[in-house]
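Okay, here's what each chain looks like letter by letter:
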Amino acid sequence: MMKIRYEGLQPDGTKVSGDFVGSRDDLLCEMRNRSVVVTSLSEDLSTLRQGRLKLLAFRDDIEQLIYLLGSGLPIDRSLAILSGNAVNQSGKEFWGQILKQVKQGELFSKSLAVTAEKFRFYLPEFYVRTIAVSEEVGDVNGGLKEVIKSLTAKIELKRKIIASVSYPAFLVFVSIVVLAFVSCFVLPKFASVYSPEE
């Protein structure tokens with residue numbers, strides 16, 4: 001959820017302002033119900049973390065998109081919720097850009113590919129084509145589930161590789177430290193004991 005600061009006018013002309021936690025559409029609906037004319041809106045971005053979109057966050061977002069689409073929400077509303085729930089600024093902008101393109105009539109798969117390229121987020125062509133085929137068939141959730149399976153396997157493989165390389169790297173580091181210690185402190189003492197002058 002996003003925190004939005006708003007200002008508006010009540011029917012009698014008095015100014016109102018405050019903070020609203022939720023989506024922009026929810027805020028506008030609430031203000032309409034209260035007969036408040038909104039004069040300004042600003043999103044509080046201070047709660048969002050900075051940084052690039054990570055593979056794990058992308059997988060979690062795709063999983064959330066599966067649940068939203070599975071509950072019967074249309075793709076544009078699901079993308080709006082996904083953009084509003086983003087944990088960092090780049091995720092918010094990433095999904096917001098896809099939403100903008102989908103609202104302009106682009107296919108979700110094409111919007112995803114173009115936006116990933118724009119944000120320099122490596123998205124394998126396999127994922128884009130899987131989603132494109134599932135759009136043609138009318139089963140976007142099925143395509144997204146296949147992407148989730150592949151992403152999960154990729155993330156798990158990456159974790160296993162890091163885990164298997166970390167222990168040998170630690171041993172090499174400790175060996176270098178021990179060699180440096182022996183070379184700098186122990187060998188000079190023995191060198192003085194076995195020097196030819198003594």
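Residues numbered from 1 in each chain as written. Predicted model: local features only at pLDDT ≥ 70, side-chain atom pairs only at ≥ 80, totals over all residues. Heavy atoms only, no water.

(A) A look at the packing of aromatic side chains. For the coordinates displayed, the defined rule picks out eight aromatic pairs. Between the aromatic rings of Phe58 and Trp95, the centroid separation amounts to 6.0 Å while the plane-to-plane angle is 5 degrees, which identifies the pairing as stacked. Pair noted here: Phe58 is in helix H2 (residues 55-70) and Trp95 is in helix H4 (residues 89-103), with a separation of 37 residues, a long-range link. Residue classification places Phe58 among the buried residues on the basis of a relative accessible area of 1%. (Phe/Tyr/Trp six-rings, centres within 6.5 Å; stacked < 30°, edge-to-face > 60°. Helix = DSSP H or I, 4+ residues; strand = E, 2+ residues; numbered from the N terminus. Buried < 20%, exposed > 50% of the residue type's maximum accessible area, 1.4 Å probe, protein only.)

(B) Quick look at the side chain of Ser109. Within the fold, Ser109 resides in helix H5 (residues 108-118). Accessibility expressed as a relative area gives 5% for Ser109, which makes it buried. A polar atom in the side chain of Ser109 sits 2.7 Å from the side chain of Glu135. If sequence neighbours within four positions are ignored, Ser109 has contacts with Val128, Ile131, Ala132 and Glu135. (Polar contact = N/O pair within 3.5 Å; in protein donor to acceptor, adjacent residues only side chain to side chain. Contact = heavy atoms within 4.5 Å.)

(C) The pattern of salt bridges, seen in detail. Scanning all chains against the criterion turns up five salt bridges. Between Arg59 and Asp60 there is a salt bridge, and its shortest N-O distance comes to 3.2 Å. Residue class for Arg59 comes out buried when judged on its relative accessible area of 17%. (Salt bridge = Lys/Arg side-chain N within 4 Å of Asp/Glu carboxyl O.)

(D) Layout of a nonpolar patch on the surface. There is a patch of nonpolar side chains on the surface, built from Tyr167, Phe170, Leu171, Phe173, Val174, Val177 and Val178 and spanning about 670 Å² of accessible area. Relative to the helices and strands, Val178 is located in helix H7 (residues 140-193). (Patch = residues over 30% accessible without salt bridge, like charges linked within 9 Å, V, L, I, M, F, W, Y side chains within 5 Å. Areas by Shrake-Rupley, 256 points an atom, 1.4 Å probe, with all protein chains shown as cover.)

(E) Representation of unusual backbone geometry. Even without a glycine there, the phi angle at Ser35 is positive, about 60 degrees. On the secondary structure map, Ser35 appears in the loop between helix H1 (24-33) and strand E3 (37-43). The phi angle at Arg120 is positive, at roughly 55 degrees, despite the residue not being glycine.

(F) A look at the packing of H5 against helix H6 (residues 125-137). Where H5 meets H6, the closest approach of the two axes is 8 Å, and the angle between their N-to-C directions is 160 degrees. Here H5 is positioned roughly antiparallel relative to H6, judged by the angle of their axes. Of the two possible hands of crossing, H5 and H6 adopt the one that is right-handed. Here H5 contributes Phe108, Ser109, Leu112 and Ala113 to the contact with H6, which in turn contributes Val128, Ile131, Ala132 and Glu135. A class-by-class count of the residues in the contact of H5 with H6 yields six nonpolar, one polar and one charged. (Axes fitted to C-alpha atoms, helices over the stretch in contact; angles between N-to-C directions. Parallel < 35°, antiparallel > 145°, perpendicular 65-115°, else oblique. Left-handed = near helix turned anticlockwise from the far one by under 90°. Nonpolar A, V, L, I, M, F, W, Y, C, P; charged D, E, K, R; others polar.)

(G) Fine view of the nonpolar core. Ranked by size, the top nonpolar core spans 25 residues in total, and within it Phe58, Leu79, Trp95, Phe108 and Leu112 carry the most contacts. Contributions of two or more residues to this core are made by H2, helix H3 (75-84), H4, H5, H6 and H7. Leaving out residues up to four positions away in the same chain, Trp95 has contacts with Phe58, Asp61, Ile62, Leu79, Leu82, Ser83, Phe108 and Leu112. Judged by nonpolar contacts, the second largest core, of seven residues, contains Tyr6, Phe20, Leu27 and Met31. (Core = buried A, V, L, I, M, F, W, Y, C linked by side-chain atoms within 4.5 Å.)

(H) Focus on the packing of H3 against H4. With their axes 8 Å apart at the nearest point, H3 and H4 run at an angle of 160 degrees to one another. As judged from the angle between their axes, H3 and H4 are roughly antiparallel. At the point where H3 passes H4, the crossing takes the left-handed sense. Each of Ile75, Asp76, Leu79, Ala80, Leu82 and Ser83 in H3 lies in contact with H4, whose residues at this interface are Lys92, Trp95, Gly96, Ile98, Leu99, Val102 and Lys103. Its residues assigned to classes, the contact of H3 with H4 comprises eight nonpolar, two polar and three charged.

(I) Spotlight on the side chain of Gln101. Inspection of the secondary structure puts Gln101 in helix H4. Look at Gln101 and you get buried, because its relative accessible area is 11%. Polar side-chain contacts of Gln101 include one of 3.5 Å to the side chain of Ser111. Contact partners of Gln101, with chain neighbours within four places excluded, come to Glu106, Ser111, Val114 and Thr115.

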